[in-house]
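Architecture and fold: a report
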Amino acid sequence: QALSALVYAGYWWSVLALFVALVWLPVLGLPRRGWRHAIVRLAARGFLRSVGMRPAVTREAAVPDGGLVYVINHASYLDMVVLSAVLPGALSFIAKGELTGQILVARFLRNLGTLFVRRIDPRHGIEDTAQMLAAAAAGERLVWFPEGTLTRMPGLLGFHLGAFMVAAEGGVPAVPVALRGTRSILRDGQWFPRFGTIEVRIGRALTAREGGFSEAIRLRDSAREFILEHSHEPDLAHEQVDFRTFATE
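None of these values were measured; they are calculated from a predicted model.

The next subject is the confidence of the model for the protein. In the predicted model, the protein carries a mean pLDDT of 90, and 93% of its residues have values of at least 70. Considering each helix and strand of the protein separately, the mean pLDDT is smallest for helix α9 (residues 243-247), with a value of 44, and largest for strand β8 (residues 199-202), with 98. This stretch, residues 243-249, has a pLDDT under 50; its non-local contacts, to residues over four places away or in other chains, come to 16 contacts.

Here it is in structure tokens:
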């Protein structure tokens, strides 16, 4: 069993490296963002199929057209691959600002429409929110992990309000998405992938009745209730996370 697990892990990383190599130059060189996303989506689906982890997707309702905010629990670095494979449209992931220090990675992500937030610098919070509002108004489909980070231990952390303020103030839907299984396959700080099943449940779009703080809280609570129920992980809303620790990793 140990040898089988080792062979599978080696195969898993080899296949991932192959697909990364296949998409790297097209994402950096293709002139149209839609083409870049199409390449990434095909590669993500091909990778998951090749390693025997094709996600099971359940949709409670059709995803609205136009700008919106996907809000999703963050369980593994594998989450981005899964979401790229299953969510429709060109996606704009919301990523930590610390990644901008990695020049090649930052360029790759920007070419896919990634937007960066500065988690440990509240002075720039208003600027970041304005950037997200403008993107949503322009029809972008923002992919947001409202926990703000991921942890090795199972559980759903408390949600920050940023994604829901954008949905409320921008008048765009917030679509909750629950991921299940990715943490068991590749935990934070673990480089030995294990075989497992992945489930993705896409909920009904939540729409603010009006702008403002209270509506953002209502959207947050409704989205978190859905994700907590369908991720099948414990509630860790009481846990406190110091983002300065993650900024140095």
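This brings us to the pattern of salt bridges. One side chain can pair with another of opposite charge once the charged atoms of both are near each other. All told, the structure shown has eight salt bridges when counted by the stated rule. Asp235 is the salt-bridge partner of Arg224, the closest N and O atoms lying 2.7 Å from each other. With Arg224 in helix α8 (residues 213-231) and Asp235 in strand β9 (residues 235-236), this pair connects stretches of sequence that are eleven residues apart. Arg224 sits in the buried class, given a relative accessible area of 12%. Classification of Asp235 by relative accessible area gives partly exposed; the value is 39%. Ionic contacts of the salt-bridge type, sharing partners, join the residues Arg209, Glu215 and Arg218 into one network.

Ranked by internal contacts, the top residues of the largest apolar core, which has 43 residues, are Trp12, Phe47, Tyr70, Ile72, Leu83 and Leu87. Contributing elements (two or more residues each) for this core: α1 (2-29), α2 (33-50), β2 (68-72), α3 (79-86), β3 (91-96), α4 (103-111), β7 (174-180) and β8. A total of eight residues in this core trace back to one element, the largest contributor, which is α1. Not counting residues within four places of it along the chain, the set of residues in contact with Leu87 comprises Arg41, Tyr70, Ile72, Val143 and Ile202. Counting 27 residues, the second-largest nonpolar core is a separate cluster that includes Ala136, Leu156, Ala163 and Ala167.

Time to look at the sheet that holds strand β5 (residues 141-144). Pairing in this open sheet of seven strands is mixed, and the strands run β1-β8-β7-β2-β5-β3-β4 from one edge to the other. Pairing within the sheet leaves two strands with one partner each, and these edge strands are β1 (56-59) and β4 (115-117). Mean inter-strand twist for the sheet, computed between neighbouring axes without regard to direction, equals 25 degrees. In this sheet, β8 lies alongside β1 in parallel orientation, the contact comprising four bridges. Paired with Arg59 across the two strands is Ile202, which belongs to β8. Against the sheet, α8 contacts β2, β7 and β8, and its axis sits at roughly 20 degrees relative to β7.

Parameters and conventions
- Numbers given to residues run from 1 along each chain, matching the order in which its sequence is written.
- The model is predicted, so local features are restricted to residues of pLDDT at least 70 and side-chain atom pairs to those at 80 or more, both for listing and for counting; the totals for chains, interfaces and linings are taken over all residues.
- Hydrogen atoms and water are omitted, and side-chain values are computed over all heavy atoms in the structure.
- Each residue carries a pLDDT score, the predictor's confidence in it, ranging from 0 to 100.
- The secondary structure listing takes helices from DSSP runs of H or I that are at least 4 residues long and strands from runs of E that are at least 2 residues long, numbered from the N terminus.
- In what follows, a contact means two residues having at least one pair of non-hydrogen atoms within 4.5 Å.
- Only one rule defines a salt bridge in this text: a Lys or Arg side-chain nitrogen within 4 Å of an Asp or Glu carboxyl oxygen.
- Throughout this description, buried means an accessible area under 20% of the type-specific maximum (1.4 Å probe, protein chains only), exposed means over 50%, and partly exposed covers the range between.
- Among the buried residues, those of types Ala, Val, Leu, Ile, Met, Phe, Trp, Tyr and Cys that are joined through side-chain atoms within 4.5 Å form a nonpolar core.
- Strands qualify as paired when DSSP identifies two bridges or more between them.
- Fitted lines through C-alpha atoms serve as axes, helices being fitted only where they are in contact, and the angles separating the N-to-C directions of these axes extend from 0 to 180 degrees.

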